[in-house]
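Structure at a glance
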Amino acid sequence: MILTYASQQDYDGMAGKETEKPAWTAEAFAAMGAFMEKFNNELAESGELVETRALAAPVLTRRLGSKDGQAVVTDGPYAETQEVLAGYWIVECESFDRATEIASRLADTPAPEFLRATAYADIRPIVEGQDDLVG
């Protein structure tokens, strides 16, 4: 699974809202969308794409926890700088190295330079059963 991250501030910038960081232009947002569409289509054509989804902004998040044995629900958004899962790709490929190679292509995603400088993705195997949890 390839995981990407963003903050509420990042989502606001993509929506053209000024924050501590410059807002994205409509052209920059369209370029990112075109890149993602091409990236996803290439993975689908190669047979490696199982599923991909983008996630809604953190402001639409609910976090569930527990305090004193009681469920606690907190509505987003969280601190502007707190990063949350922004989207994911599940790929079925020949190796962990191939998944890393696929994820490295995300570094070419068109975005403002301040965002590209701090962007990252995680690659994590999906466990099929309890035995996979033991390292």
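Residues numbered from 1 in each chain as written. Predicted model: local features only at pLDDT ≥ 70, side-chain atom pairs only at ≥ 80, totals over all residues. Heavy atoms only, no water.

In this section: the overall build of the protein. Assigned secondary structure in the protein consists of 4 helices and 6 strands. Based on the C-alpha atoms only, the size of the protein along its principal axes is roughly 50 × 40 × 20 Å. Counting across all 135 residues of the protein, residues that qualify as buried make up 27%. The long-range share in the protein, meaning contacts at least 24 apart out of those at least 6 apart in sequence, stands at 70%. Summing over all exposed atoms, the protein offers an accessible surface of approximately 9000 Å²; the carbon and sulfur share of this is 53%. Charge centroids of the protein, computed over 11 positive and 24 negative side chains, lie 5 Å from each other. (Helix = DSSP H or I, 4+ residues; strand = E, 2+ residues; numbered from the N terminus. Buried < 20%, exposed > 50% of the residue type's maximum accessible area, 1.4 Å probe, protein only. Contact = heavy atoms within 4.5 Å. Areas by Shrake-Rupley, 256 points an atom, 1.4 Å probe, with all protein chains shown as cover. Lys, Arg positive; Asp, Glu negative; His and termini not counted. Charge placed at Lys NZ, Arg CZ, Asp CG, Glu CD.)

The final tally for this structure, using the stated rule, is 4 aromatic pairs. Taken together, a centroid distance of 5.1 Å and an interplanar angle of 20° make the contact between tyrosine 5 and tyrosine 120 stacked. With tyrosine 5 in strand 1 (residues 2-6) and tyrosine 120 in the loop between helix 4 (113-116) and strand 6 (121-123), this residue pair connects regions lying 115 residues apart in the sequence. By relative accessible area, tyrosine 5 is classed as partly exposed at 25%. Overall, the relative accessible area of 40% leaves tyrosine 120 in the partly exposed class. Measuring from ring centre to ring centre gives 6.1 Å for phenylalanine 35 and phenylalanine 39, while their planes differ by 15°; the resulting arrangement is stacked. Here the residue phenylalanine 35 and the residue phenylalanine 39 both occupy positions in helix 2 (residues 26-46), the gap between them amounting to 4 residues, near one helical turn. Members of the aromatic cluster, connected to one another through ring pairs, are Phe35, Phe39 and Trp89. (Phe/Tyr/Trp six-rings, centres within 6.5 Å; stacked < 30°, edge-to-face > 60°.)

That is the geometry; function is a separate question.
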